[in-house]
Amino acid sequence: MVNLAIVYPLLLVILTAIAIYVQVTSSTLSLPLSTGTTVLTIILPLLAAANVFYTPYLSSFLRQKLTSSSALQQLLPVALQVLQGILTVVLATLSAEGFIPGQLLDCSLHGNWQRMYREHDGRSIERIQDSFTCCGLRTVKDMDWPRLQCSALYGDRHDACIGPWRAAMQRSAGLEFAVAVTVGILQLIQLSFFGLRNSGGSGARTGYRRIVQSVGGNPHERLLENGRANGDDEGDTPEIEDNTGNDRRGYGTLGDGPNHRIEPSNLGDDGNHWRESS
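Values in this document were obtained by computation on a predicted structure and should not be read as measured data.

Caption draft 1: Structural detail: the packing of aromatic side chains. Using the criterion set out here, one finds three aromatic pairs in the structure. Arranged with centres 5.3 Å apart and planes meeting at 55 degrees, the rings of phenylalanine 99 and phenylalanine 177 form a pair that is tilted. Residue phenylalanine 99 is found in helix H4 (residues 70-99), and its partner phenylalanine 177 is found in helix H8 (residues 162-206); the two are separated by 78 residues along the sequence. For phenylalanine 99, a relative accessible area of 26% corresponds to the partly exposed category. Given the relative accessible area of 28%, phenylalanine 177 is considered partly exposed. Seen in terms of ring centroids, tryptophan 113 and tryptophan 165 are 5.4 Å apart; in terms of plane orientation they differ by 75 degrees. Their pairing is edge-to-face. Placement of tryptophan 113 in helix H5 (residues 103-118) and of tryptophan 165 in helix H8 is noted, with a sequence separation of 52 residues between them. As far as the burial class goes, tryptophan 113 and tryptophan 165 line up, both buried.

Caption draft 2: Spatial organisation of helix H6 (residues 122-132). Among the residues of H6, Gly122, Ser124, Ile125, Ile128 and Gln129 are the ones counted as buried. The first or second residue beyond H6 is threonine 133, which carries a positive phi of 50 degrees.

Caption draft 3: Fine view of the state of the cysteines. Counted according to the given criterion, the structure contains two disulfides. In this model cysteine 134 forms its disulfide with cysteine 161; the gap between the sulfur atoms is 1.9 Å. Judged by the sign of its S-S torsion, about 105 degrees, the bond between cysteine 134 and cysteine 161 is right-handed. A residue pair is termed long-range when its members are at least 10 positions apart, and cysteine 134 in the loop between H6 and helix H7 (150-153) and cysteine 161 in the loop between H7 and H8 qualify at 27 residues. Assessed through its relative accessible area of 0%, cysteine 161 is described here as buried. Looking at the protein, its bonded cysteines, counted consecutively from the start of the sequence, adopt the pairing 1-4, 2-3.

Caption draft 4: Focus on the environment of leucine 15. Within the fold, leucine 15 resides in helix H1 (residues 4-28). Assessed through its relative accessible area of 7%, leucine 15 is described here as buried. Residues leucine 15 and valine 179, spaced 164 residues apart in sequence, show a C-alpha to C-alpha distance of 5.8 Å. Apart from the residues lying within four places of it in its own chain, the contact partners of leucine 15 are Pro45, Val179, Thr182, Val183 and Leu186.

Caption draft 5: The pattern of salt bridges, seen in detail. One pass over the full model with this rule turns up three salt bridges. Arginine 115 is the salt-bridge partner of glutamate 119, the closest N and O atoms lying 3.4 Å from each other. The exposure class assigned to arginine 115 is partly exposed, which follows from its relative accessible area of 39%. Of the charged contacts, one joins arginine 157 and aspartate 130 as a salt bridge, the two residues approaching to 2.8 Å between their closest N and O atoms. One end of the pair, arginine 157, is in the loop between H7 and H8; the other, aspartate 130, is in helix H6, and 27 residues separate them in sequence. The partly exposed category is assigned to aspartate 130, whose relative accessible area is 43%.

What counts, and where the lines are drawn
- In every chain, residue numbers begin from 1 and rise along the written sequence.
- With pLDDT at 70 or above as the cut-off, local features in this predicted model cover only qualifying residues; side-chain atom pairs require 80 or more to be listed or tallied, and sums for whole chains, interfaces and linings still use all residues.
- Note: side-chain values were computed over all heavy atoms of the structure, leaving out hydrogens and water.
- For this analysis, a ring pair means two rings from Phe, Tyr or Trp (six-membered ring only for Trp) whose centres lie within 6.5 Å, classed as stacked if their planes differ by under 30 degrees, edge-to-face if by over 60, and tilted for the remaining angles.
- Only runs of H or I of at least four residues qualify as helices and only runs of E of at least two qualify as strands under DSSP, and these elements are numbered from the N terminus.
- Burial status follows relative accessibility: with a 1.4 Å probe on protein chains alone, a residue under 20% of its type maximum counts as buried, one over 50% as exposed, and anything between as partly exposed.
- Defined by distance alone, a disulfide is two cysteine sulfur atoms within 2.5 Å.
- Contacts are assigned to residue pairs with any non-hydrogen atoms lying within 4.5 Å of each other.
- Between Lys or Arg on one side and Asp or Glu on the other, a salt bridge is scored when a side-chain nitrogen of the former is within 4 Å of a carboxyl oxygen of the latter.

Given below as C-alpha cells:
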C-alpha cells in the first residue's frame, strides 16, 4: 500500500526542483519563456502543499475565530482550491505553446535573438553559442557574436544555434507543462479522496436509527427517526401485538413469566363452612 503521506510531499519537492531547473535554464540560455511564468511554476507546487497541509488548520482557525461568519469559513478553503486550479490551467496553456513545433515557436526564438542582437547583448548571445558550440542563429554568420567573427575565432564551430536552442526551449517548456499537469492531477486526486471520505462519513451518520417510546399514548406506538425503525431492518425482532387478554394476564406480575395469583390460606374452605352453617 502506497503511503500518501510520504509520496505526496516527495512529489511536490521533485516538482519544485524541476520548476527551479526550468527557471535557471531559461535565464542562462535566454529562452523566450516569461519570467513570470517560470516563477509561478515554482510557486504552484508550494501552493498545492499549502492547500493540502494548511487548509484544514485554516478551516479550524476560522471556525474558532469567526463563529458568526459561516460563509467565509466555507468560501476561503474553496477559493484556495479554485485559485490553484486556475493557475494550473493558465500555466499549462502557456507552456504548451513553447514545446509544440511550428512557426510560432520559431518566431519567438528569432524575435528573442534579434532583440539581444539589437541591444548589443553580446554576453547573452555568447553564452548560448558557448553552451551549444555553435555560431549565429540560422547560419554561422546570422547575427553571430562577435559580429561576423564567431566562426573565425572558433574554427571548430560550423553549426548554427537554432537547432539546439530550439530543442532546449522545447525541453524547458515541456518540463514546465509537466509540472503544471502533475500538480493538477494531484489536486484532482486530493479532492476525490477527501470527497469520498466525507461521503463515507455522512453515509455512516445517516445509517443511525433511534426509536423513542411515546409517553402518554399507546405504548406500542413508536416515534421513528430517519424513516424506519430497527425492527424493520432486523428480521429477528418480534412484532408487538396488542392483545388485551395477555395484558390482563400479565397485570400484577414482574417480568414475562406466568401469572400466579396470591390468595389467603383456607379462604375457600372457610367460605364453604359458613355457607353450610347458614
